[in-house]
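Structural overview for review
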Amino acid sequence: MMSDITSSQWLKRTAATLIVALTAACGGGGGGGGGTAPPPVNNAPNVFAGDDQSVARNVVVTLDGTASDDGGAASISYTWTQTAGTAVTLTGADTADATFTSPDVAADETLQFTLTATDAQGASADDTVAVTVIFDVPPTVAVGDDRNVQQNTSVDLTGTATDDNDIAQLTYQWVQIAGTPVTLDNATAAQASFTAPATSGVQILEFRLTVTDASGQTSVDDIVITVFEDINASTVSGKVEFEFVPFANNALNYAQQEMRPVRGATIQLIDATTNDVIDSTTLDDQGDYLFVAPASTNVFLRVRAELKRSGSPSWDVEVRDNTSSTSEPLASRPIYVLDGVAFDSGVGSQVVNLQADSGWTGASYTQTRAAAPFSVLDTIYRAMQLVTSVDPDANFPPLDAYWSVNNTPNVGGNTNIDIGEIGTSFYRGDLDSLFLLGEANSDTEEFDTHVVAHEWGHYFEDTFSRSDSTGGSHSLSQRLDPRLAFGEGFGNAVSAMIMGTPVYFDTQGSQQSSGFSFSLEDSGLNSTSRGWYNERSVQAVLYDIFDSNDDLSDSVTLGFEPIYEILVNEQAAGAPFTTIYPFIESLRARYPANVVEIDALLDAQRITGDNDAYGTNEVEAAGRRDVVLPIYSVVTPDDAGGPVNVCSTNVFDPDEDGNKLSVRRFVRIPVTTAGNYTVNIVTSNPPASGQSDPDAFVFRGDFVGGGDSPVADSETFQLNNLTPGDYVMVLYEFSYLRGGPAAITQPDNRTCFDVSVTS
Amino acid sequence: MNKFQFSIVLMIGSGLLSGCSESLPPAPEQSLAEAKIAARTVSEASIGKPTVPVVVDYAFLNTPTVDQPLQIRMSVSGRDVSNLTMAMSTRGELALSKNTPASMPLKMGATTGAAEAVDTYVTPSAEGRSYVNVQISGLYENQPFTKAISIPVQVGAGGPVLEKNGEIIDTGVEILSSMPASQQVSKGEQ
């Protein structure tokens, strides 16, 4: 635009245009003349480096050059060079339009650039342009201190700005950047306003003012407006954390204690004079909370070792002390709480941070172990997060975790929860409770996160799915009742899934400085005890299905969802006992494209993948096919073929735990006709001395019936109102169990029974 | 959920938890009927954590009496374990014999998986229930492990001295174990 150029620039541009026009006219006349034509005259290009400019600091500047030539524009080459001023880097210096970033000058400064245009014959011309960089300070802006306001009142937002240029050229823009949206009036003026929304308690709004000066420089400032239901109240906010002791080198590492947020727990604001609860809320995932408190009141904060949530998902978890107030029912024993000290709520805002200390003071626990219940709680919180990651609407049945500094790993077979003699950490399905060891310098679990997660896994299996586990003592290298193997293998695997690391650890001993650990990634492929009856085999299969780390036989990654879905559906509902086989059958059916990878995992553990929920095709017999296979003997009611022989053995159970492989044998009873049936069991190899005592129980998911009379060498019982479908029976020689009669001595350590079912 | 709804007292239900025995004073005898019930259990059974297959059997060779040394004979057996050592400490009104080493190796039988019996002496200083804490360390499947157990020692009447982990507060509605917090207070914006 003409108005954008100076008179001298207009003259320069006009002259160049005129020369081009004259040259073109002369050359054009030569084409039609006769005689010897004079050699064509090559004129240098006409070049224009653009108009002089004024620019701000630190902006991209374009040098807009043009040129023409009698040989045509295509024959022109361009070269931009800087001839004055702070050196800049030119981009596109060999084109008509070069760019650079204006330097961050301390005062106004003029840069000069020359554009040289050269035609194909080498004739050249140049032109110069000046770019003045203006030293311009961005505006300053202030919106004032954060403020508290009363609900339903008009609130002014006032910005003040300064600039080194004419402030009349400043522009303003208010925007809301947090909180319930409000309508801003005069959002493009220095002073805007809005109406504080109605609120219950307190609500946080945040606004930003952006001021821009004439050269485009901007500045911003933010303000937080806290809207109170009652402006005379104050706010109390802060964070709650607990000291966590990490695991390293088979021990708890007290030198590396770290702070972790208390997540999801209930926090209460309590009147310190009356002990009335003023308000209650839930800590968020950062451990943060906010209360509106009555002004100038003596209050204190209490954090309860509980997780409470209603709706979907929902949960109800409490951590209690089983060894205090023992005259109370277990569920009414003291719940752990973390209490702060009283303070004056004052006026305005108070920030109150609480910390639950581990109680470790260098060499031992000498102070209250306040972190412990919250560490237990946090592991359970993580566990529930794993579930809600695949089922956001999961509803968790109530769970109590009992932890006490007196909970000791006593031996002797007696459990007395009131005095802490719990023997080990365990889950009790009938009580919906975890019991966790807590005796320092012996065995305490609060920071043994995988142990807590393992026991929570039993709770999950029992309440979301179904557990037919026998319970009892178990080790990775043992051959177990396959129901126990599945339950424990799942517990180990899910502990690693919950904690996000495959290393299971359980510290024990003096100063928790040693213990027991293993990796879920160690599939035990050298173990002679691997198989469908081994918890390490089960955990290896489950964890490798879950994890994304391919190794050895593991080339599949399915995550937690299939495990969850199968456990809460097929595994929970089927007639077969909860061994690995119903899981395998369902997994292969749900993921046909992954059957080869799944079978590779199973094959590495000597488990036959191509199987039904009863493991009918299994061939792995732990060297004792006579007492191990088939996993289920089939006893068809009224079978003309006569009784079926089934053998119980104690060969894998030298300690008479009753939960090792083939102590309890399985029988499948396919019922085709509804009615009442009689189960007859007769010892087929009565011992030479002593007596056999067969006992048996029948299930279809739930308990159906059974018999455990002390009658020698036989057992008979009725099953009434059976309906068509499969029933399963567990059958064992009672003298093989601790507490039973003296163990009988049998050839090949087996006692066998003829089993029949008649209508 | 499979609920095998038999009524089981905790003492019985935990019978599967440990392979250990106590000879003096005698453990409450489990009747045959109780054992039958315990054997029935399925989902109600205590479902415990993984452990190392080490079993500690012990016997009191004399009756625990105040100010009288109590001889405890312990035998340790295990499978897939080696290089076992034993360390002991006490909780409650018990003192270990001054001759008790901080840690002692356990000599394992060649084939039985059982170690030679170890005798130790503790002296009760008061009636009540105290504990000998035993720590077995070694290798399990060639990996280091430690397994801790405690042996209850009952002297006369009375229970153990139980520690509190917080102040017990009865609000009238519920009972709390109140633990002190470390607290930081700062003034925010007015």
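Residues numbered from 1 in each chain as written. Chains lettered and ligands numbered in written order. Predicted model: local features only at pLDDT ≥ 70, side-chain atom pairs only at ≥ 80, totals over all residues.

Right, let's talk about the overall build of chain A for a bit. When helices and strands are counted, chain A shows 10 helices and 44 strands. The C-alpha atoms of chain A give a radius of gyration of 41 Å, which is well past the 27 Å a tight globule of 759 residues would have. Buried residues in chain A amount to 47% of all 759 residues. Residue pairs at least 24 apart in sequence account for 67% of intrachain contacts in chain A once pairs closer than 6 positions are excluded. (Helix = DSSP H or I, 4+ residues; strand = E, 2+ residues; numbered from the N terminus. Rg over C-alpha atoms; globule rule 2.2 N^0.38 Å. Buried ≥ 20, exposed ≤ 12 C-beta atoms within 10 Å, placed from the backbone. Contact = placed C-beta atoms within 7 Å.)

Quick look at the overall build of chain B now. Within chain B, the secondary structure is distributed over two helices and 12 strands. By the burial criterion, 42% of the 190 residues in chain B qualify as buried. Of the contacts formed within chain B by residues at least 6 apart in sequence, a portion of 69% connects residues at least 24 apart.

Moving on: the pairing of strand S24 (residues 298–309) of chain A. Residue and element names in this part refer to chain A. Where strand S21 (residues 265–271) and S24 come together, seven bridges link them in antiparallel fashion. Bridge pairing in S24 links Gln268 to Arg302. Summarising the sheet, S24 and strand S27 (residues 343–344) pair through two bridges and their orientation is antiparallel. Across the sheet, the residue bridging to Val299 is Phe343, located in S27. The sheet contact formed by S24 and strand S26 (residues 335–339) spans three bridges and is antiparallel. (Pairing = 2+ DSSP bridges.)

We now examine the sheet that holds strand S39 (residues 675–683) of chain A. Residue and element names in this part refer to chain A. The four strands lie next to each other as S37-S44-S39-S42, forming an open sheet whose pairing is antiparallel. The open sheet is flanked by strand S37 (644–649) and strand S42 (714–722), the only strands paired with a single partner. Pairwise comparison of adjacent strand axes, ignoring direction, gives a mean angle of 25° for this sheet. (Axes fitted to C-alpha atoms, helices over the stretch in contact; angles between N-to-C directions.)

Here the focus is the interface of chain B and chain A. Every contact between the two is made by 78 residues of chain B and, on the other side, 102 residues of chain A. Mapped onto the side of chain B that touches chain A, the elements with two or more residues apiece are helix H1 (10–13), helix H2 (32–40), strand S1 (47–48), strand S2 (54–60), strand S8 (128–140), strand S9 (143–155), strand S11 (175–180) and strand S12 (182–187) of chain B. Looking at the side of chain B that touches chain A element by element, the count peaks at nine residues for S9 of chain B. Considered class by class, the residues forming the side of chain B that touches chain A number 36 nonpolar, 28 polar and 14 charged. The sheet contact formed by strand S28 (residues 349–356) of chain A and S12 of chain B spans six bridges and is antiparallel. Each bridged residue has a counterpart across the sheet, and for Val351 of chain A the counterpart in S12 of chain B is Ser186 of chain B. (Nonpolar A, V, L, I, M, F, W, Y, C, P; charged D, E, K, R; others polar.)

Counting residues in hydrophobic clusters, the biggest one holds 162 residues, and the most contacted among them are Ala401, Val667, Met729 and Leu731 of chain A. When residues no more than four places from it in sequence are discounted, the contact partners of Leu731 of chain A are Val646, Ser648, Arg664, Arg665, Val667, Ile681, Pro694, Ala696, Phe753 and Val755 of chain A. (Core = buried A, V, L, I, M, F, W, Y, C linked by C-beta atoms within 7 Å.)

Taking 1.5 Å of rise per residue, 18 residues should cover 26 Å, and helix H4 (residues 482–499) of chain A covers 25 Å from first to last C-alpha, within 8% of that figure. A large share of H4 of chain A lies buried, amounting to 18 of its 18 residues. (Expected span 1.5 Å × (residues − 1).)

With that settled, the discussion passes to the sheet that holds strand S41 (residues 702–707) of chain A. All names here are of chain A. Reading across from one edge, S36-S38-S43-S40-S41 is the order of the five strands in this open sheet, with mixed pairing throughout. The open sheet terminates on both sides in strands that have one partner only, identified here as strand S36 (632–634) and S41. Pairwise comparison of adjacent strand axes, ignoring direction, gives a mean angle of 30° for this sheet. Here strand S38 (residues 664–671) pairs with strand S43 (residues 725–733) via eight bridges, running antiparallel. Note that in S43 the partner of Ile669 across the bridge is Tyr727.

A few words on the environment of Asp146 of chain A. Inspection of the secondary structure puts Asp146 of chain A in the loop between strand S9 (140–142) and strand S10 (147–150). In the structure, Asp146 of chain A is positioned 41 residues away from Ala187 of chain A in sequence and 18 Å away in space, judged by C-alpha atoms.

It is worth spelling out unusual backbone geometry at this point. Residues and elements named next belong to chain A. Looking along the chain, the bond that leaves Ser312 and enters Pro313 is cis, with omega of 0°. Residue placement: Pro313 occurs in the loop between S24 and strand S25 (315–320). A cis amide bond links Leu629 with the next residue in sequence, Pro630, at an omega value of -10°. Looking at where Pro630 falls in the secondary structure, it is placed in the loop between helix H10 (625–628) and S36. Notably, Asp638 is not glycine yet its phi reads approximately 60°, a positive angle. The topology assignment puts Asp638 in the loop between S36 and S37.

It is worth spelling out the environment of Ala600 of chain A at this point. All names here are of chain A. Along the chain, Ala600 turns up in helix H9 (residues 595–604). Expressed as a C-alpha distance, the spacing of Ala600 and Val541, which sit 59 residues apart in the sequence, is 9.6 Å. Ignoring anything within four residues of it in the chain, the contact list for Ala600 reads Ser553 and Ser555.

With that settled, consider the packing of helix H2 (residues 371–388) of chain A against helix H3 (residues 449–464) of chain A. Residues and elements named next belong to chain A. One can describe the packing of H2 onto H3 by two numbers: an axis separation of 9 Å at closest approach and a directional angle of 55°. As far as their axial angle goes, H3 and H2 are oblique. H2 and H3 meet at a crossing whose hand is right-handed. Facing H2, whose interface residues are Val376, Thr379, Ile380 and Ala383, H3 presents Thr449, Val452, Ala453 and Trp456. Looking at the contact of H2 with H3 residue by residue, the class counts come to six nonpolar, two polar and no charged. (Parallel < 35°, antiparallel > 145°, perpendicular 65-115°, else oblique. Left-handed = near helix turned anticlockwise from the far one by under 90°.)

Residue and element names in this part refer to chain A. Of all seven residues in strand S40 (residues 694–700), six are buried, a share of seventy percent or more. Bridge analysis of S40 against S43 gives six bridges, and the strand direction is antiparallel. The partner of Ala696 across the bridge, within S43, is Leu731. Of the strand pairs in this sheet, S40 and S41 are connected by five bridges, and their pairing is antiparallel. When the bridges of S41 are listed, Arg700 appears paired with Asp702. In this antiparallel pair of consecutive strands, S40 and S41, the connection spans one residue, and Gly701 shows a positive phi of 75°.

Attention shifts here to the confidence of the model for chain B. Residue and element names in this part refer to chain B. On average, chain B scores 78 in pLDDT, and the residues at 70 or more come to 71%. The least confident element of chain B, judged by mean pLDDT, is H1 at 28; the most confident is S11 at 98. On the interface metric, ipTM, the complex scores 0.85, and its pTM is 0.77. (pLDDT = per-residue confidence, 0-100.)

A word on H3 of chain A. Its 16 residues place the ends of H3 of chain A 21 Å apart at the C-alpha level, agreeing with the 22 Å of an ideal helix rising 1.5 Å per residue. Across the 16 residues of H3 of chain A, 14 count as buried, placing the element largely inside the fold.

This part is about the confidence of the model for chain A. Residues at a pLDDT of 70 or more form 95% of chain A, whose mean pLDDT is 91. Ignoring residues within four places in sequence, the model shows residues 1–35 of chain A, a span with pLDDT below 50, making 17 contacts including any to other chains.

On to the environment of Val644 of chain A, then. All names here are of chain A. By the secondary structure assignment, Val644 is in strand S37. Under the C-beta neighbour-count criterion, Val644 is labelled partly exposed, with 16 such atoms within 10 Å. The spatial distance from the C-alpha of Val644 to the C-alpha of Ile417 is 44 Å, given a sequence separation of 227 residues.

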